[in-house]
Amino acid sequence: MSTSNLLSQFQNINTWKSKGTRAPHKPLLMLLALGEIQRGNTGFIPYSEIEPKLKELLIDFGPQRGQVHAHFPFTRLANDKLWQFNKPELIDTKVNAKPKFLLANDISGKFPDEVTLQLKQNPELLISVAETILEQNFPDTLHQDILDAVGLDLTLTASDRIIKSVRKRDPLFRESILKAYEYQCAVCGFSVRLRHQLLALEAAHIMWHQAGGPDVEVNGLALCATHHKLFDMGAFTVTEELRMLVSDEVNGTGAQEWLIRHDGKSIKPPQKKAFYPNPEFTSWHVNEVFKGGYRS
């Protein structure tokens, strides 16, 4: 299989989609498996090892749900021709094998042999695959956290990096959002410049670009780098009335200063009513990103 065909196969995995609902199960499983290959483990990975790791990843980087199902992607990724089992005769990939069944039968999984060999022999291809998965499913603010969690290192220098085909961002989005919020963080008012250069002020998508969120003013907030990261992690959300709501799971040094003291208060509104966040996008953030319950 050519490298371009292999990369396309990873790009085109079938993930469940419904009005922007996030389903990062397969992407996170693939990143876990890529980390194993980069560390030299090209063999089958027992479900007993994958389950606790994948559950933790889904809790940290997936939408908040009543239950976390690590067994779903473990079974269904095989339908994308990107997963195989040590005991394939026991698995029906059209249904979700129960965790108890997978554990009791010592079921293990891995990328197909041909895919594993290509990724092992071509570290640059492995990096490109990992970058593609991240770019298609998670905002930039979360990439390094996810890489650290799965044990992937993408710092290797690539002499001929494979060009990825992903939906491009509008290069004018940042400027239009910062202008709409008068070049200040909508939460804390941060607006530091070094000479004429604006520092650490970013345009945050409310509904993530990776979930189909458009590059328009009503889907953006001007946030300092810290509040952007906290927003994308789900530590706080913003209502359509522009009230900031902080997760009741937030704690630790700095929590009061950066988050709790802003809880229930109005953020800085954009210059024009026409730029106020669209309720469709704020509702998406509450359902798909925000973690925990409300404090106020």
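We now turn to the structure provided with this report. Everything numeric here is computed off the predicted structure, so don't read it as measured data.

## Considerations on the overall build of the protein
Scanning the protein from N- to C-terminus turns up 12 helices and 9 strands. Here the protein has a C-alpha radius of gyration of 21 Å; the compact-globule value for 296 residues is 19 Å, and the two agree. Each of the three principal axes of the protein carries a C-alpha extent, and together these read 60 × 45 × 35 Å. For the protein, with 296 residues in total, the buried portion stands at 47%. Taking the contacts inside the protein whose residues are at least 6 apart along the sequence as the reference set, 71% of them involve residues at least 24 apart. Of the roughly 14,600 Å² of accessible surface on the protein, 50% is carried by carbon and sulfur atoms. For the protein, the centre of its 34 positive side-chain charges and the centre of its 34 negative side-chain charges are spaced 3 Å apart.

## A word on the pattern of salt bridges
When charged atoms on two side chains of opposite charge get close, those side chains can pair. Throughout the structure, instances matching the rule amount to 7 salt bridges. For the salt bridge of D113 with K110, the shortest nitrogen-to-oxygen distance reads 3.0 Å. Assessed through its relative accessible area of 9%, K110 is described here as buried. Connected through shared salt-bridge partners, E36, R39 and K53 make up one network.

## Let's talk about the nonpolar core
Ranked by internal contacts, the top residues of the largest apolar core, which has 81 residues, are F10, L34, W83, F111 and L119. If one sorts the elements of this core by residue count, helix 2 (residues 25-38) sits on top with 8 residues. Leave out the neighbours within four places in its chain, and F111 touches F10, M30, A33, L34, I37, L82, W83, Q84, T116 and L119.

The rules behind each value
- Residues numbered from 1 in each chain as written.
- Predicted model: local features only at pLDDT ≥ 70, side-chain atom pairs only at ≥ 80, totals over all residues.
- Heavy atoms only, no water.
- Helix = DSSP H or I, 4+ residues; strand = E, 2+ residues; numbered from the N terminus.
- Rg over C-alpha atoms; globule rule 2.2 N^0.38 Å.
- Buried < 20%, exposed > 50% of the residue type's maximum accessible area, 1.4 Å probe, protein only.
- Contact = heavy atoms within 4.5 Å.
- Areas by Shrake-Rupley, 256 points an atom, 1.4 Å probe, with all protein chains shown as cover.
- Lys, Arg positive; Asp, Glu negative; His and termini not counted.
- Charge placed at Lys NZ, Arg CZ, Asp CG, Glu CD.
- Salt bridge = Lys/Arg side-chain N within 4 Å of Asp/Glu carboxyl O.
- Core = buried A, V, L, I, M, F, W, Y, C linked by side-chain atoms within 4.5 Å.

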